[in-house]
Amino acid sequence: MTQNFDFDTPINRTGTYCTQWDYVQDRFGKAGLLPFTISDMDFAAPEPVINVLKQRLEHPVLGYSRWNHDDFKSAIRYWYRTRFECEIDTQQLVYGPSVIYIVSKLIEQWSQPGQGVVFHTPAYDAFDKMIEGQGRTCVRSQLIRQQGRFDIDWSDLETKLADVNNTVLLLCSPHNPTGRVWCQSELEQMAVLCEKYRVKVISDEIHMDVCFKRHIPYVGFGNTQDWAVVTSASKSFNIPALNGAYALIADSQTRERYLHKLKEVDGLSSPSIMGVLATMAAYQHGEAWLNALNNYVLANHKYVKETLQSTFSDVIYLVPDATYLAWIDLSVLNLDMVMLNQALIEQFNVAIMSGDVYGDSGKGYLRLNLGCPKSKVEQGISALIQAIKLQR
């Protein structure tokens, strides 16, 4: 129990058409594995969210709905004001079915086929697929691991932003998978560079709430309107199946073109009413639950650090600034990572995401989902330690 919220009791998710549990065989080739994979959590959604969904289902008509009303927008404004001490302009708000959809439509507007989209690596693999699917070019700027954290290679980033063929910086804030939270000076420096080279900024902030230090939304940086913040309550409150995301798009013409695509071209302007209601309830009544969640997840991270480093003194696990995703560097052990993953699957019935899924800079790493009861984390880390010992 954490502040009267129960994160310890396991919930059986099998048989719920759950990607992480029911379809683990699709990625790992074997059914019934203990999964630490897809970035959703094994925790129940907050009670205020569940209650508002139950209440809505008492009404038997589930027709088309709207998102463009003050109840939805004021809930988001309230969240930014209370959570981040950030004032937003609700006229800039737009809805979308997912974060990736909105990001994709902005890239479509802000670049031409063949042009480059700059982002930091290692990176969420959906970035590569979406950018290449749009006929654009992935331009990767690798983060540097130094002094106990991941930092931006400013020289490399500026070189890539200075290339006139690169028109968009896709910022992951907080960063997935390393868990870095960008500080004020880093965000300001990126804004200066992007303004200098006329590069537009799309900030994917879907992990903004599971943070162990202050997150600063990319709102109003620089002197231009060439920015957008794209996010959702889905990761924070474990409601991705309800669908729905939103964005702050500063430039009015970009915003109108986006809404035209959403409605007239793609026919997606009617949102999931469950997603809209859940977002409102989470932002209005879910902060205590979220604070307790963050404390629990941070304790899971610390457990991973203490357990791994007490067994393998050479392994230095960096507890991240944010996210329930452990980015574990095993490169110092010089393991055959393919054999390690095979041992985890075949001998220990555990599924952990291989770091190379997130690009070449992820080789030698594993990404392990800690959004689960500690007892599950203990099982996963125990299996990982035993699998490593088989190769040593």
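Everything here concerns the structure above.
As the structure is a prediction and not an experimental result, all values here were calculated from the model.

**Q** Explain the sheet that holds strand E2 (residues 93–96) to me, please; I cannot follow it from the model alone.
**A** Remark on secondary structure: sheet strands pair via backbone hydrogen bonds, oriented parallel or antiparallel. If you trace the 7 strands from one edge of the open sheet to the other, you get E2-E10-E9-E8-E7-E3-E4, paired in mixed fashion. The two strands at the open ends of the sheet, each matched to only one other strand, are E2 and strand E4 (137–142). Taken over all neighbouring pairs, the strand axes of this sheet differ in orientation by 25° on average, direction set aside. In this sheet, strand E9 (residues 227–231) lies alongside strand E8 (residues 200–204) in parallel orientation, the contact comprising 4 bridges. The residue of E9 that forms the bridge with aspartate 204 is valine 230. Contacting E2, E9 and strand E10 (245–249), helix H4 (residues 70–84) crosses the sheet at an angle of about 75° to E10.

**Q** Sorry if this is basic, but what is going on with the environment of cysteine 138 here?
**A** Structurally, cysteine 138 can be placed in strand E4. A sequence separation of 126 residues divides cysteine 138 from glutamate 264, and the C-alpha atoms of the two residues are 29 Å apart. Excluding residues within four positions of it along the chain, cysteine 138 makes contact with Val117, Phe119, Asp128, Ile131 and Glu132.

**Q** Whenever I open this one, the pattern of salt bridges confuses me. Can you help?
**A** Opposite charge on two side chains permits them to pair, given that their charged atoms come into close proximity. As enumerated under the stated definition, the model contains 19 salt bridges in all. For the salt bridge of lysine 105 with glutamate 108, the shortest nitrogen-to-oxygen distance reads 3.8 Å. Residue lysine 105 and its partner glutamate 108 are both found in helix H5 (residues 99–110); the two are separated by 3 residues, about one turn of the helix. The exposure class of lysine 105 is buried, given its relative accessible area of 13%.

Conventions and cut-offs
- Residues numbered from 1 in each chain as written.
- Predicted model: local features only at pLDDT ≥ 70, side-chain atom pairs only at ≥ 80, totals over all residues.
- Heavy atoms only, no water.
- Pairing = 2+ DSSP bridges.
- Helix = DSSP H or I, 4+ residues; strand = E, 2+ residues; numbered from the N terminus.
- Axes fitted to C-alpha atoms, helices over the stretch in contact; angles between N-to-C directions.
- Contact = heavy atoms within 4.5 Å.
- Salt bridge = Lys/Arg side-chain N within 4 Å of Asp/Glu carboxyl O.
- Buried < 20%, exposed > 50% of the residue type's maximum accessible area, 1.4 Å probe, protein only.

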